[in-house]
Amino acid sequence: MTEKLGLLVLYWLFIITWGFSQSKDNLKHYNDSLYRQIQQIQEHEAKAQALFDLSFFWSDYDTAKAFSYIREAENVLGGRGNSTYYRGLKTFYRASVYFDTDPAKAKQKYMEAEGSLKGVGAEKRLEASRYRARLWGSYGALLQREGKAHEYVEILIEKVIPLAKSIADSSLLGNNYQNVAMNLMNLGDYKNADDYYNKALQLLKGKKEALEGRFTLFINAARNALLHKNYRKSGEFIDSAAVLAVQVPNSSYIPIYHAVSGSHWAAVKNHEKQMHILKTASPQQRHRATRIWSQPYFLINLPPIR
């Protein structure tokens, strides 16, 4: 029961991070609900892990609250928190809090976490490798923000993807194939980007727990095909995204779906379908889609997998 509850908390955090409209009242409501669920977890390490993940969620909205959940997780762990694994974990989550507010400190903390986690023994090696993949992805995303897109791609290919392969995590691997694809697309390397999108699709194909990831993947792959003027392929990806759009109606990617779909129908001169896409969107979605659509060229990126 405890394990299932912990997994439920993590699942809720994932859904909220991707598709939730973050008003202050809603944030408080969901936080309170999650926190009550966490308090029911009896096993100390599972409870601490859920608190770490709650901290990760709040790192985008309230750094003081995020740090408070890290401290609470430390108290729950007690002496266990002094192990090499948990020292690395605590540093990883602190780096996540600094990600937007102090990128230089975040990079420093990610490398400190790497120093701890790479030395973890066999008992926790799988979990440590998963966090190492995440921290390298985050470190690379910070380099990308500095205009070092090529370095980010190198880190994904040389660090993140090998770690994801080593633990046979198909979702982590698929998401990072997509990250490589998006960066190659932004660099204008559409052919190689298409190869990585296809690799990601194969890994996430049919995964019910990856609906959001597949939705964004179809949209981004469609955009790449559009930029490459492969309208047959962009149409196929748009059709696939349309099926998933019904299943993830609150996704933050819905306006981008409308924009890319509209761009496809405009490119093939089907203005009736182009207008239909805009009419099916809500006024707010239509406004955002029109703003994206009006730009001659727009980049699409997933939130970094931190």
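This text follows the structure it describes.
Residues numbered from 1 in each chain as written. Predicted model: local features only at pLDDT ≥ 70, side-chain atom pairs only at ≥ 80, totals over all residues. Heavy atoms only, no water.

Caption draft 1: Representation of the overall build of the protein in the model. Within the protein, the regular secondary structure consists of 15 helices and 0 strands. Expressed as a percentage of the 306 residues in the protein, the buried residues total 51%. Within the protein, contacts between residues separated by at least 24 positions form 63% of all contacts whose residues are at least 6 apart in sequence. Of the roughly 15000 Å² that the protein leaves accessible, carbon and sulfur atoms contribute 51%. (Helix = DSSP H or I, 4+ residues; strand = E, 2+ residues; numbered from the N terminus. Buried < 20%, exposed > 50% of the residue type's maximum accessible area, 1.4 Å probe, protein only. Contact = heavy atoms within 4.5 Å. Areas by Shrake-Rupley, 256 points an atom, 1.4 Å probe, with all protein chains shown as cover.)

Caption draft 2: Region of the structure containing the packing of helix α10 (residues 190-204) against helix α11 (residues 211-227). Between α10 and α11, the least distance of the axes is 10 Å, while the angle of their chain directions is 160°. With respect to α11, the axis of α10 lies roughly antiparallel. Crossing handedness for the pair α10 and α11: left-handed. Along the contact surface, α10 presents Tyr190, Ala193, Asp194, Tyr197, Ala200, Leu201 and Leu204, while α11 presents Gly213, Arg214, Leu217, Phe218, Asn220, Ala221, Asn224 and Leu227. Each residue belonging to the contact of α10 with α11 can be placed in one class, and the counts come to 10 nonpolar, 3 polar and 2 charged. (Axes fitted to C-alpha atoms, helices over the stretch in contact; angles between N-to-C directions. Parallel < 35°, antiparallel > 145°, perpendicular 65-115°, else oblique. Left-handed = near helix turned anticlockwise from the far one by under 90°. Nonpolar A, V, L, I, M, F, W, Y, C, P; charged D, E, K, R; others polar.)

Caption draft 3: Structural view of the packing of aromatic side chains. Scanning the model with the defined rule gives 15 aromatic pairs in all. Centroid distance Phe215 to Tyr257: 5.8 Å. Interplanar angle 50°. Geometry classified as tilted. With Phe215 in helix α11 and Tyr257 in helix α13 (residues 254-267), the pair connects residues that are 42 residues apart, well separated along the chain. A residue is classified by how much of its surface remains accessible, and Tyr257, at 9% relative accessible area, is buried. Three or more aromatic residues link up through ring pairs in this structure, and these residues are Phe52, Phe92, Tyr93, Tyr110 and Tyr131. Seen from the ring of Trp58, Lys65 lies directly overhead, with NZ or CZ sitting 5.2 Å from the centre. Sitting over the face of the ring of Tyr196, Lys199 holds its NZ or CZ atom 4.6 Å from the ring centroid. (Phe/Tyr/Trp six-rings, centres within 6.5 Å; stacked < 30°, edge-to-face > 60°. Lys NZ or Arg CZ within 6 Å of the ring centre and 35° of its normal.)

Caption draft 4: Focus on the nonpolar core. Residues Tyr110 and Phe215 are the most contacted members of the largest nonpolar core, which totals 85 residues. With near-sequence residues (within four places) excluded, Phe215 lies in contact with Ala241, Leu244, Ala245, Val248, Ser251, Tyr253, Ile254 and Tyr257. (Core = buried A, V, L, I, M, F, W, Y, C linked by side-chain atoms within 4.5 Å.)

Caption draft 5: Quick peek at the side chain of Asn224. Among the structural elements, Asn224 can be located in helix α11. Setting aside residues up to four positions removed in sequence, Asn224 forms contacts with Met185, Tyr190, Ala193, Asp194 and Tyr197.

Caption draft 6: Looking closely at helix α9 (residues 170-186). Between the first and last C-alpha of α9 there are 24 Å, a value that for 17 residues agrees with the 24 Å anticipated at 1.5 Å per step. With respect to burial, α9 is a largely interior element, 13 of its 17 residues being buried. Between a side-chain oxygen at the N-terminus of α9 and the backbone nitrogen of Ser171 the separation is 3.2 Å; the capping residue is Asp169. Trailing α9 by a residue or two, Gly188 shows a phi angle of about 85°, which is positive. (Expected span 1.5 Å × (residues − 1). Polar contact = N/O pair within 3.5 Å; in protein donor to acceptor, adjacent residues only side chain to side chain.)

Caption draft 7: Just the environment of Pro162, in detail. Note that Pro162 resides in helix α8 (residues 149-166). For Pro162, a relative accessible area of 36% gives the class partly exposed. Taking the C-alpha atoms as reference, Pro162 lies 8.4 Å from Ala133; in sequence the two are 29 residues apart. If we ignore the near neighbours within four places in the chain, the residues touching Pro162 are Leu156 and Ile157.

Caption draft 8: Inspection of helix α5 (residues 84-101) at higher detail. With 18 residues, α5 ought to run about 26 Å at 1.5 Å a step, and its terminal C-alpha atoms sit 27 Å apart, in line with that. Judged by how many residues are buried, α5 sits mostly within the fold: 13 of 18 residues are covered.

Caption draft 9: Up close: unusual backbone geometry. One non-glycine residue, Ala168, lies in the positive phi region at around 55°. Judged by its relative accessible area of 68%, Ala168 is exposed. With a phi angle near 60°, Lys229 is a residue other than glycine that sits in the positive phi range. Relative to the helices and strands, Lys229 is located in the loop between α11 and α12 (231-245). According to the relative accessible area criterion, Lys229 is exposed, its value standing at 61%.

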